[in-house]
Amino acid sequence: MTPRDGASGAGPGVGNPGVGGAGVGGAGGAGGVVPGGYRHFHEQLGVLKQRLLAMSEQAEALVELAVESLLERDGEKAQLVIAADRELDATELEVEGMAIRLLALQQPMARDLRFLVGAIKISSDLERVGDHAVNIAQSTRRLLDLSSHLTPAPELEDMARRARRMLADALDAFTRGDGALGREVCRADDQVDALYNSVSRILLTHMMADARTITPSLELLLVSRNLERVADLATNIGEDAVYLAEGKQIRHGAELHGAGRGTPSAATASAASAERGEGRSPRSAASGGT
């Protein structure tokens, strides 16, 4: 059965069984929503939301543990990160499978459709966050093998803190359908980029001053690059939150940097018109990065 988007807060995109139209007791009456099936659909959406939140917590914990292993020079923590990534991979497959089954069996429209497509994209983004945490842990192990005494710049720890905060806020924005918070996450990415540039300059100075620091400096540069990519993935999720809440695409900085500010683009206006007229929400192809 096909639930419609509505005002209820019982779940992401909870519809209104009393609204008529295609798939909700519209033409011919043959496709009317059965209340029990409707409730079951949104119960499943609630389960999917909880699995997404759990996956986000897993990813954030891996990033935090990986950075701790680097700052504390703890090889055991680094190994824990590498081993725990398998669980995150399994959760991605679970979330993706749940979303695909709901798409196939329920044929949702409007906000529910955007939520399910977004869930598939976000599960992939979170799995990649885990991969970046593993990369940081592997850098830690190589630095331990080098017996390097090069101390990570304070900016590196600040990058990690901001990237984790962005990730938490982005998932919060998506599960709550909060477009304003999604935009805040996207804007916060500029601060992480600035820190990345600062770390790069510091490490370059070390390498120019002492050739013996080149290899450990490159490892720390790789760590900073992975943290910058975590922030980029959080930005992707923030953009998905805006799309869920408003049916508006803001990817590639169109709205944030002025190109789409004030009035919607022709493509956005067309998409909004289609959704109002047909109850459907077109979505562009999934983006791998920002």
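Residues numbered from 1 in each chain as written. Predicted model: local features only at pLDDT ≥ 70, side-chain atom pairs only at ≥ 80, totals over all residues. Heavy atoms only, no water.

Undergrad: For this particular structure, what's the right way to read the packing of helix α3 (residues 110-146) against helix α4 (residues 154-176)?
TA: A pair of packed helices is captured by two measures, namely the crossing angle of their axes and the spacing between those axes. Interaxial distance between α3 and α4 falls to 11 Å at its minimum, and their mutual angle equals 165°. Here α3 is positioned roughly antiparallel relative to α4, judged by the angle of their axes. In terms of crossing hand, the pair formed by α3 and α4 is left-handed. Only L167, L171, F174 and R176 of α4 make contact with α3, whose side of the interface consists of R111, F115, G118, A119, I122, L126 and V129. Broken down by class, the residue content of the contact of α3 with α4 amounts to eight nonpolar, one polar and two charged. (Axes fitted to C-alpha atoms, helices over the stretch in contact; angles between N-to-C directions. Helix = DSSP H or I, 4+ residues; strand = E, 2+ residues; numbered from the N terminus. Parallel < 35°, antiparallel > 145°, perpendicular 65-115°, else oblique. Left-handed = near helix turned anticlockwise from the far one by under 90°. Contact = heavy atoms within 4.5 Å. Nonpolar A, V, L, I, M, F, W, Y, C, P; charged D, E, K, R; others polar.)

Undergrad: Help me out: how do you make sense of the pattern of salt bridges in this one?
TA: Within this structure, the stated rule accounts for 15 salt bridges. We note a salt bridge from D158 to R161, for which the minimum N-O separation is 2.5 Å. Here D158 and its partner R161 are both found in helix α4, three residues apart, which amounts to about one turn of the helix. Classification of R161 as partly exposed rests on a relative accessible area of 47%. Note that D172 is salt-bridged to R176, the shortest N-O span being 2.7 Å. Of the two residues, D172 and R176 both sit in helix α4, four residues apart, roughly one turn of that helix. (Salt bridge = Lys/Arg side-chain N within 4 Å of Asp/Glu carboxyl O. Buried < 20%, exposed > 50% of the residue type's maximum accessible area, 1.4 Å probe, protein only.)

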